[in-house]
Every structure is written in C-alpha cells, then in structure tokens.
Amino acid sequence: MTGMAQTHDDGSGRRAEPSDHPGEQRAEDPIRLLEIREAPLSVDEVFTAVGDAAAGGTALFVGTVRNHDGGTDVARLGYSSHPSAEAELRRVAEKVVADHPVRALAAVHRVGDLEVGDLAVVVAVSCPHRAEAFDACRKLIDDLKHEVPIWKHQTFSDGTEEWVGV
C-alpha cells in the first residue's frame, strides 16, 4: 500500500467504498519510537507512542522471557546486538510503513541480561482498521526477529548454553 485509497472492511463484514479521507491513509511520519535498550521495557510507553485519532485499530505484541525452550528449563538469558541493529530496525519499520496504511508504529527491544518473565520486545502498530493493524504488527515482529541482528544467549538449568539467531 502506498497511501492510495483502498477498499476496506468497515467492521460490519461489508466492504466499504474506497476513501480519500486522510485518516484512511498512512500518516506522513508514522515511525514514533524505535529503540534497542538495556533498560526495562514498558508496554504503556509503546502503546502511548502509537496513539492516533485516525486509527481504528491498534495491534500490540509483547515478547517475554519464558522459562523453557525446546523441552529444557531456561535459567537465564541475555540479548546482544550488532552496532547496526537500530539502523536495521529502522529499515524493517520503513518497509512495514511502505506496505501498510500505518498511522503510527513503535518497536523496542531489550539487550543485556534478562530474567524469566521480563519483557524482551514490545511492538505496536495503529492503522485505520483492525485487520490492517494486525497484518502490519505481525509483519513488524516477524521481520524484526528475522532481519535485525539481535542474538539470544540462553543458559539452561542443566548448565548447558546456546546462542540463538547467530
């Protein structure tokens, strides 16, 4: 989507006619927050960053540190990132914005040592309609996990370790 008018589901199951209303289009500068940080993450911060009066749908994804992986108990883990990670995160966000009618987008990923239950990543997207928000949010988190050079080092309760994403 390049911000052109489009037919959409108006929520009733009917297809609404295309609209030239500015609120139906991508916002001029929708990337509101992109960061890789050591400090704990806040769902409220990310949700607030994507607030937009023209958005009818906001999708938010929160990734947390779980206590197991592959059938083995996780004792702790740490995330590290390449110096290019924030630039790659911006590239991923810009692609999502280019392909969806995004009103606002935010993504933060934590690095450093994390405990079970800690927030590792929070992303959110607001769009004119819910289906667009779901699609854009899924694309954002999937591409972030596959393309941004952030690596996870897991230590298991049995003392073994593994790197993920390297």
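The residue numbers shown here count from 1 along each chain, following its written sequence. Local features in this predicted model are restricted to residues of pLDDT 70 or higher, and side-chain atom pairs are both shown and tallied only at a pLDDT of 80 or more, whereas totals for entire chains, interfaces and linings draw on every residue. The side-chain quantities take in all heavy atoms of the structure and omit both hydrogens and water.

### So, the side chain of His 153
Phase 1 of the analysis: Inspection of the secondary structure puts His 153 in strand 10 (residues 150-156).
Phase 2 of the analysis: Two N or O atoms form a polar contact when they lie within 3.5 Å of each other; inside protein one atom must be a possible hydrogen donor and the other a possible acceptor, and for residues adjacent in sequence the pair counts only when both atoms belong to side chains. Separated by 3.2 Å, the side chains of His 153 and Glu 161 make a polar contact.
Phase 3 of the analysis: Between two residues, a contact is recorded if the distance between any of their heavy atoms is within 4.5 Å. In contact with His 153, other than residues within four places in its own chain, are Arg 76, Leu 77, Gly 78, Glu 161, Glu 162 and Trp 163. By definition, any uninterrupted DSSP run of H or I lasting at least four residues is a helix, any uninterrupted run of E lasting at least two residues is a strand, and each is numbered from the N terminus.

### Details of the sheet that holds strand 7 (residues 104-110)
Picture the strands of a sheet paired through backbone hydrogen bonds; they go either parallel or antiparallel.
Phase 1 of the analysis: Across the sheet, which stays open at both edges, the four strands sit in the order 3-7-9-4 with mixed pairing between neighbours. Lying at the two open borders of the sheet, with one neighbouring strand each, are strand 3 (31-37) and strand 4 (57-64). The mean angle between the axes of side-by-side strands here comes to 5°, regardless of whether they run parallel or antiparallel.
Phase 2 of the analysis: Alignment of strand 7 against strand 9 (residues 119-127), held across six bridges, turns out to be antiparallel. By the bridge assignment for strand 9, Ala 106 is matched with Ala 124.
Phase 3 of the analysis: Axis lines are fitted to C-alpha atoms, over the contacting stretch for helices. Their N-to-C directions set the angle, which ranges from 0 to 180 degrees. Against the sheet, helix 2 (residues 85-99) contacts strand 3 and strand 7, and its axis sits at roughly 150° relative to strand 3.
Phase 4 of the analysis: Docked against the sheet, helix 3 (residues 130-147) engages strand 4, strand 7 and strand 9, running at close to 145° with respect to strand 9. The pairing criterion is simple: DSSP has to find at least two bridges between the two strands.

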